[in-house]
Amino acid sequence: MSDTASRNQSESSVREGVGDEGRRVSAGKRGGGAPGSRGRTTIADGVVEKIAGLAARDVVGVHAMGSGMSRTFGAVRDRVPGTGSSKSVSRGVKAEVGEVQAALDLEIVVDYGVSITEVARVVRENVISAVERMTGLEVVEVNIAVSDVKLPDEEDDDDSDTRVQ
């Protein structure tokens, strides 16, 4: 074969994706792997706590999140201008987040008359579904502590009027 024919065959092989030693090379592909898999994604504990807090509050029978003291301090903090209410979303939720797994501890207050075991089961299912769907993390456990029962005639800590407005 002449030098020109040999060079043309070599150039066409590269365009077709076959290298000098017969291995496949991808024409036009840069870097390693698909664009969506290049790099790392990290998810903060607070992100998972917010997702879990919102998912737990969606369950019928969950009156509030957190212990009585944390709800009281949260109500005071929410009334202070400029503090925002983002902390109240994750009140009563503690998350431990690894690279591929997460574990959650929730503290809830249930309404009087509901089945606590049923509410806990639905909360667990809702939280696991939301966290896994939104983050891609595997939720290995959701521990639920019921810290109080809201009685029908009890006044809400969060709704109580203060003397100073």
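Draft legend 1. Structural detail: the overall build of the protein. From N to C terminus, the protein includes five helices and four strands. Along the protein, helices (α) and strands (β) appear in the sequence α-α-β-α-α-β-β-α-β when read from the amino end. Here the protein holds 165 residues, and 25% of them are scored as buried. Taking the contacts inside the protein whose residues are at least 6 apart along the sequence as the reference set, 70% of them involve residues at least 24 apart.

Draft legend 2. Fine view of a negative patch on the surface. A surface patch of like charges, here negative, comprises D45, E96, D105 and E141. Within the secondary structure, D45 is located in helix α2 (residues 45–57). Taking the relative accessible area as the measure of exposure, D45 reaches 31% and is therefore partly exposed.

Draft legend 3. Examining the nonpolar core more closely. If you look at the biggest cluster of nonpolar residues, it comprises 25 residues, and the most contacted ones within it are L104, L106, V123, V127 and V131. Mapped by element, the contributors of at least two residues to this core are α2, β1 (62–65), β2 (93–97), β3 (101–111), α5 (116–135) and β4 (138–150). Contacts of L106, omitting those with residues within four sequence positions, involve A56, M65, G92, V93, V123, V127, V142, N143, I144 and A145.

Draft legend 4. Highlighting the packing of α2 against α5. It is at 8 Å that the axes of α2 and α5 come closest, and there the two elements cross at 140°. Overall, the two elements α2 and α5 adopt an arrangement that is oblique. Remark: the crossing between α2 and α5 carries right-handed chirality. Judged by residue contacts, V48, I51, A52, A55 and A56 of α2 engage V123, N126, V127, A130, V131, M134 and T135 from α5.

Draft legend 5. Spatial organisation of α2. Between its first and last C-alpha atoms α2 spans 18 Å; for 13 residues at 1.5 Å apiece the expected length is 18 Å, and the two agree. Of the residues making up α2, those classed as buried are V48, E49, I51, A52, G53, A55 and A56.

Draft legend 6. Representation of the pairing of β4 within the structure. Where β3 and β4 come together, 11 bridges link them in parallel fashion. By the bridge assignment, A102 is partnered in β4 with V139. Read as a crossover between parallel neighbours, the route from β3 over α5 to β4 is right-handed.

Draft legend 7. Molecular detail of the side chain of T135. Along the chain, the position of T135 falls in helix α5. For T135, the side chain forms a polar contact with the main-chain oxygen of V131, separated by 2.5 Å. At a separation of 3.1 Å, a polar atom in the side chain of T135 contacts the main-chain amide nitrogen of L137. Ignoring anything within four residues of it in the chain, the contact list for T135 reads I43, V48 and I51.

Draft legend 8. Representation of the pattern of salt bridges within the structure. Enumeration over the complete set of coordinates arrives at two salt bridges. Put simply, E118 and R121 hold a salt bridge, and the shortest N to O gap is 2.3 Å. Here the residue E118 and the residue R121 both occupy positions in helix α5, the gap between them amounting to three residues, near one helical turn. For the salt bridge of R121 with E125, the shortest nitrogen-to-oxygen distance reads 2.7 Å. Highlighted residues: R121 and E125, both in helix α5, separated by four residues, approximately one helical turn. A residue is classified by how much of its surface remains accessible, and E125, at 46% relative accessible area, is partly exposed. Each of E118, R121 and E125 takes part in a single network of salt bridges with overlapping partners.

Quick notes on the rules
- Residues numbered from 1 in each chain as written.
- Predicted model: local features only at pLDDT ≥ 70, side-chain atom pairs only at ≥ 80, totals over all residues.
- Heavy atoms only, no water.
- Helix = DSSP H or I, 4+ residues; strand = E, 2+ residues; numbered from the N terminus.
- Buried < 20%, exposed > 50% of the residue type's maximum accessible area, 1.4 Å probe, protein only.
- Contact = heavy atoms within 4.5 Å.
- Patch = residues over 30% accessible without salt bridge, like charges linked within 9 Å, V, L, I, M, F, W, Y side chains within 5 Å.
- Areas by Shrake-Rupley, 256 points an atom, 1.4 Å probe, with all protein chains shown as cover.
- Salt bridge = Lys/Arg side-chain N within 4 Å of Asp/Glu carboxyl O.
- Lys, Arg positive; Asp, Glu negative; His and termini not counted.
- Charge placed at Lys NZ, Arg CZ, Asp CG, Glu CD.
- Core = buried A, V, L, I, M, F, W, Y, C linked by side-chain atoms within 4.5 Å.
- Axes fitted to C-alpha atoms, helices over the stretch in contact; angles between N-to-C directions.
- Parallel < 35°, antiparallel > 145°, perpendicular 65-115°, else oblique.
- Left-handed = near helix turned anticlockwise from the far one by under 90°.
- Expected span 1.5 Å × (residues − 1).
- Pairing = 2+ DSSP bridges.
- Right-handed = clockwise from strand over helix to strand, strands pointing away.
- Polar contact = N/O pair within 3.5 Å; in protein donor to acceptor, adjacent residues only side chain to side chain.

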